[in-house]
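Letter by letter, the chains look like this.
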Amino acid sequence: MKRILTLLILTITFCGFSQSKNEAKLLLKEVSEKVKSYDNISIDFKYVLENISENVRQETRGDVVMQGEKYILNILGITRIYDGNSTYNISPEDEEVTVSSSKSDDDDSITPSKMLSFYEDGYTYDLDIVQNVKGRKIQYVKLTPIDSNSEIKNILLGIDAQTKHIYNLIQIGKNGTKTTLTVNSFKTNEPISKSLFTFDISKYSDYYINNLD
């Protein structure tokens, strides 16, 4: 929030921010309800990580299928499966599968299953800028972690004003790292196999299985 110089500006600004917060809360509620109405969601996305001070920039594409808390994610040559209890990171290059319980995940990170609902807890939020992206009105909501110890400085969540689908997510870290995830395609209620989120160890008999728990 911008600092104010007079009581009058404070009053006007406070009223504006209150309205902004209410509008942001209503928009996020609409997004959440829309997401929860789908049986499953399939997303193709672009992922960019950059840190100018460290001269780091990494860009890649990925895809994820989500059903409830379960998901299967493909990115950077790694397949990650979460079956609701355990996470399996499959690396064909290393011929290794790393297995961990759900408790091993970093609570501060935004996993695929959290991507479309993470904002429901632990953040304050405000409406931010509106952008026109190829004829689509994208309304941004700025989220700030309530936990002052969080490694996240803030997050900008871009929402398609018409469909109420998330268009992109921009995460700014306190270390200066900027992570951007942009949705290229968003499909819902696709026919998927019942075994999609099941790790079949017989397919990886030549792999080293690394159990972290």
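This text goes with the structure placed above it.
Residues numbered from 1 in each chain as written. Predicted model: local features only at pLDDT ≥ 70, side-chain atom pairs only at ≥ 80, totals over all residues. Heavy atoms only, no water.

Engineer: Could you clarify how one ought to interpret the sheet that holds strand β1 (residues 41-51) in this entry?
Structural biologist: If you trace the 12 strands from one edge of the open sheet to the other, you get β7-β8-β9-β10-β11-β1-β2-β3-β4-β5-β6-β12, paired in mixed fashion. If you trace the sheet from one side to the other, it starts and ends with β7 (123-133) and β12 (208-211), each paired once. On average, adjacent strands in this sheet sit at an angle of 20° to one another, irrespective of strand direction. Sheet topology places strand β9 (residues 152-160) next to strand β10 (residues 166-173); seven bridges connect them, and they run antiparallel. Looking across to β10, one finds that Ile159 is bridged to Ile166. (Pairing = 2+ DSSP bridges. Helix = DSSP H or I, 4+ residues; strand = E, 2+ residues; numbered from the N terminus. Axes fitted to C-alpha atoms, helices over the stretch in contact; angles between N-to-C directions.)

Engineer: Is there a simple way to think about the nonpolar core in this case?
Structural biologist: A general tendency of soluble globular proteins is for nonpolar side chains to be buried together. Judged by nonpolar contacts, the single largest core of 30 residues is most densely connected at Ile43, Phe45, Tyr119, Leu143 and Leu157. Counting residues in each nonpolar core, the second largest holds 10 residues, with Val65, Ile90, Val99 and Tyr204 among its members. (Core = buried A, V, L, I, M, F, W, Y, C linked by side-chain atoms within 4.5 Å. Buried < 20%, exposed > 50% of the residue type's maximum accessible area, 1.4 Å probe, protein only.)

Engineer: Is there a simple way to explain the pairing of β1 in this structure?
Structural biologist: If a strand is regular, its side chains alternate between the two faces of the sheet. As paired elements, β1 and strand β2 (residues 56-67) share 11 bridges and run antiparallel to each other. Residue Lys46 lies in a different strand from β2, and its bridge partner there is Arg61. Count of turn residues in the β1/β2 antiparallel hairpin: four residues, of which Asn55 carries a positive phi of about 55°. In this structure, β1 lies alongside strand β11 (residues 178-188), joined through 10 bridges in antiparallel fashion. For Glu50, the partnering residue across the bridge sits in β11 and is Lys178.

Engineer: So what exactly am I meant to see when it comes to the side chain of Thr182 here?
Structural biologist: Checked against the element boundaries, Thr182 lands in strand β11. The class for Thr182 is buried, based on a relative accessible area of 14%.

Engineer: Just to check I follow, could you spell out the side chain of Ser32 for this structure?
Structural biologist: Mapped onto the secondary structure, Ser32 falls in helix α1 (residues 7-36). Setting aside residues no more than four positions away along its own chain, Ser32 makes contact with Tyr119 and Glu120. (Contact = heavy atoms within 4.5 Å.)

Engineer: Explain the environment of Ile90 to me, please; I cannot follow it from the model alone.
Structural biologist: Note that Ile90 resides in strand β5 (residues 86-91). Overall, Ile90 belongs to the buried group, its relative accessible area being 3%. Along the backbone, Ile90 and Thr79 are 11 residues apart, and their C-alpha atoms lie at a distance of 5.1 Å. If near-sequence neighbours (up to four positions away) are discounted, Ile90 is found in contact with Gly77, Ile78, Thr79, Ile81, Glu96, Val97, Phe199, Tyr204 and Tyr207.

Engineer: How do you make sense of the packing of aromatic side chains when you look at a structure like this?
Structural biologist: Two descriptors summarise a pair of aromatic rings, namely the distance from one centre to the other and the angle between the planes of the rings. By the definition in use, this model includes five aromatic pairs. With centroids separated by 5.8 Å and ring planes inclined at 35°, the aromatic side chains of Tyr71 and Tyr82 adopt a geometry described as tilted. A residue pair is termed long-range when its members are at least 10 positions apart, and Tyr71 in strand β3 (residues 70-75) and Tyr82 in strand β4 (residues 78-82) qualify at 11 residues. Judged by relative accessible area, which is 1%, Tyr71 ranks as buried. Under the relative-accessibility criterion, Tyr82 is labelled buried at 10%. Taking the centre distance of 5.1 Å and the plane angle of 70° together, the rings of Tyr204 and Tyr207 count as edge-to-face. Under the relative-accessibility criterion, Tyr204 is labelled buried at 19%. An aromatic cluster of at least three residues, connected via ring pairs, comprises Tyr88, Phe199, Tyr204 and Tyr207. (Phe/Tyr/Trp six-rings, centres within 6.5 Å; stacked < 30°, edge-to-face > 60°.)

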